[in-house]
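# Structural description and commentary
Each chain, letter by letter, is given below.
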2 protein chains.
Amino acid sequence: MGDTEFIIEPGRQDVVMIRTFDAPREVVFQVVTDPELIPRWWGPHVLATRVDRMEVRPGGQWRYANIDSDGGEHFFRGVYHDIVAPERYVRTWQFEGTPEDVALETVTLEAVDGGTRYVAQSVHRSVEARDAIIRADGPRGGRESMDRLAELLASHPNP
Amino acid sequence: MGDTEFIIEPGRQDVVMIRTFDAPREVVFQVVTDPELIPRWWGPHVLATRVDRMEVRPGGQWRYANIDSDGGEHFFRGVYHDIVAPERYVRTWQFEGTPEDVALETVTLEAVDGGTRYVAQSVHRSVEARDAIIRADGPRGGRESMDRLAELLASHPNP
């Protein structure tokens, strides 16, 4: 368990988020790729999430709405590329409000002593596009997602 | 016209390739998004190119084969994201031999005095993945593609 770590170096185009979960990586991979479970962990605490589409296969599309307290829906979307269960998936993501800022996310799951080290790297088009996400409090959303995922995994039956 | 310029800075994850063409950007955009014309300019001089798939729309897939002198086919593929004619398109690309190394390509066309400034940026997962493309002579393929595109545009009827 423990905290979520971020690696955000000046002048680079990527953000790396790392968290260790107390669950086998097969379980972590299954949970994070299950459309039914996304609303239970993806996004900040204060927003609900609705899965509009989630086709976990190379070339498959995904689209989630973050729903604010007024019922407004704010969409994120992208396409799955490489998928190697239970080790890795690569997908793109973009906020529909800024469609030119596509980012590339690689999630890698490493088996560590009794658990799983989850490493999510997002690469942006530019340092500026990356820094805009930081200013928009992206890491807080990531950290809250990781906390919610840890809680979900703690309640999830291991196979 | 003129030469192809590359911006490849140490420690960064991207490669930027810039070329100015003596054609309006509407024509350049139309040519670079036309599957029929891809074999006439995409790739190094010594390899033929075959378009297996090219769906120029958000979420659409593309897949090209580079064909070597023995007839062996080496595939590149990806997905189109944002497309704003005649200004920009964003797509992913990967060599099928190294599926984990997905890159994000943004092509921007700027109208300049009497011509078009073509800027192609590829962002890679890591500095190492970018440097591997450099070592594999990726910029030479890009430079040759730009020369071939300049020749094609010179023979292409302007609307």
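Relevant structure appears above.
Rules of the game
- Residues numbered from 1 in each chain as written.
- Chains lettered and ligands numbered in written order.
- Predicted model: local features only at pLDDT ≥ 70, side-chain atom pairs only at ≥ 80, totals over all residues.
- Heavy atoms only, no water.
- Axes fitted to C-alpha atoms, helices over the stretch in contact; angles between N-to-C directions.
- Helix = DSSP H or I, 4+ residues; strand = E, 2+ residues; numbered from the N terminus.
- Left-handed = near helix turned anticlockwise from the far one by under 90°.
- Contact = heavy atoms within 4.5 Å.
- Nonpolar A, V, L, I, M, F, W, Y, C, P; charged D, E, K, R; others polar.
- Least-squares fit on C-alpha atoms with pLDDT ≥ 70 in both.
- Pairing = 2+ DSSP bridges.
- Salt bridge = Lys/Arg side-chain N within 4 Å of Asp/Glu carboxyl O.
- Buried area = accessible area lost by both parts, 1.4 Å probe.
- Polar contact = N/O pair within 3.5 Å; in protein donor to acceptor, adjacent residues only side chain to side chain.

Looking now at the packing of helix 1 (residues 25-32) of chain B against helix 3 (residues 138-155) of chain B. Residue and element names in this part refer to chain B. Viewed as axis vectors pointing N to C, helix 1 and helix 3 meet at an angle of 115 degrees, and their least axial separation amounts to 11 Å. In this structure, helix 1 meets helix 3 at a crossing whose hand is right-handed. Judged by residue contacts, Val 27, Val 28, Val 31 and Val 32 of helix 1 engage Leu 149, Leu 152 and Leu 153 from helix 3. Its residues assigned to classes, the contact of helix 1 with helix 3 comprises seven nonpolar, no polar and no charged.

Below, the discussion takes up the relation of the copies chain B and chain A. Think of it as a corkscrew move, a rotation about one axis and a shift along it, taking one chain copy to the other. Once chain B has been moved 0.0 Å along the axis and rotated by 180 degrees, it coincides with chain A to within an RMSD of 0.0 Å. Look at the turn and shift together and you get a two-fold axis relating the two. Interface overlap between copies: 100% of the residues of chain B at the interface are likewise at the interface in chain A, consistent with a symmetric, same-surface contact.

Another aspect to go through is the sheet that holds strand 2 (residues 14-21) of chain A. All names here are of chain A. Judged by pairing direction, the sheet is antiparallel, and its eight strands sit side by side in the order 1-2-8-7-6-5-4-3 without closing on themselves. Looking along the sheet, the strands with just one partner apiece sit at the ends: strand 1 (5-7) and strand 3 (48-54). The sheet shows a mean angle of 25 degrees between the axes of neighbouring strands, taken without regard to direction. Pairing of strand 1 with strand 2 involves three bridges; the strand directions are antiparallel. Bridge pairing in strand 2 links Phe 6 to Met 17. Against the sheet, helix 1 (residues 25-32) touches strand 2, strand 3, strand 5 (73-84), strand 6 (88-95), strand 7 (103-112) and strand 8 (115-123), its axis set at about 155 degrees to strand 7. Sheet strands touched by helix 3 (residues 138-155): strand 1, strand 2 and strand 8. Its angle to strand 2, the strand with the most contacts, is close to 20 degrees.

Let's shift gears to unusual backbone geometry. Residues and elements named next belong to chain A. In this structure, the amide linkage connecting Ala 85 to the following residue, Pro 86, adopts the cis form with an omega of -5 degrees. Counting through the fold element by element, Pro 86 comes out in the loop between strand 5 and strand 6. Here the phi dihedral of Asp 137 falls at roughly 70 degrees; this positive angle occurs in a residue that is not glycine. Along the chain, the position of Asp 137 falls in the loop between helix 2 (127-135) and helix 3.

Residues and elements named next belong to chain A. Throughout the structure, instances matching the rule amount to 32 salt bridges over all chains. A salt bridge links Asp 52 to Arg 63; the shortest N-O distance between them is 3.1 Å. Of this pair, Asp 52 sits in strand 3 while Arg 63 sits in strand 4 (residues 61-67), and the two are eleven residues apart along the sequence. Three or more residues are tied together by salt bridges with common partners; here these are Arg 50, Asp 52, Arg 63, Glu 73, Arg 77 and Glu 96.

A word on the interface of chain B and chain A. Taken residue by residue, the interface counts 25 residues in chain B and 25 residues in chain A. Surface buried jointly by chain B and chain A totals about 1900 Å² across both partners, of which 54% is contributed by carbon and sulfur atoms. On the chain B side of the contact with chain A, B:Gln13, B:His81 and B:Arg125 bury the most area, a combined 28% of that side's loss. Taken together, the connections running from chain B to chain A amount to zero salt bridges. Run the count over chain B and chain A and you get nine residue pairs in polar contact (both at pLDDT 80 or more). Class assignment of the residues belonging to the side of chain B that touches chain A gives a composition of nine nonpolar, ten polar and six charged.

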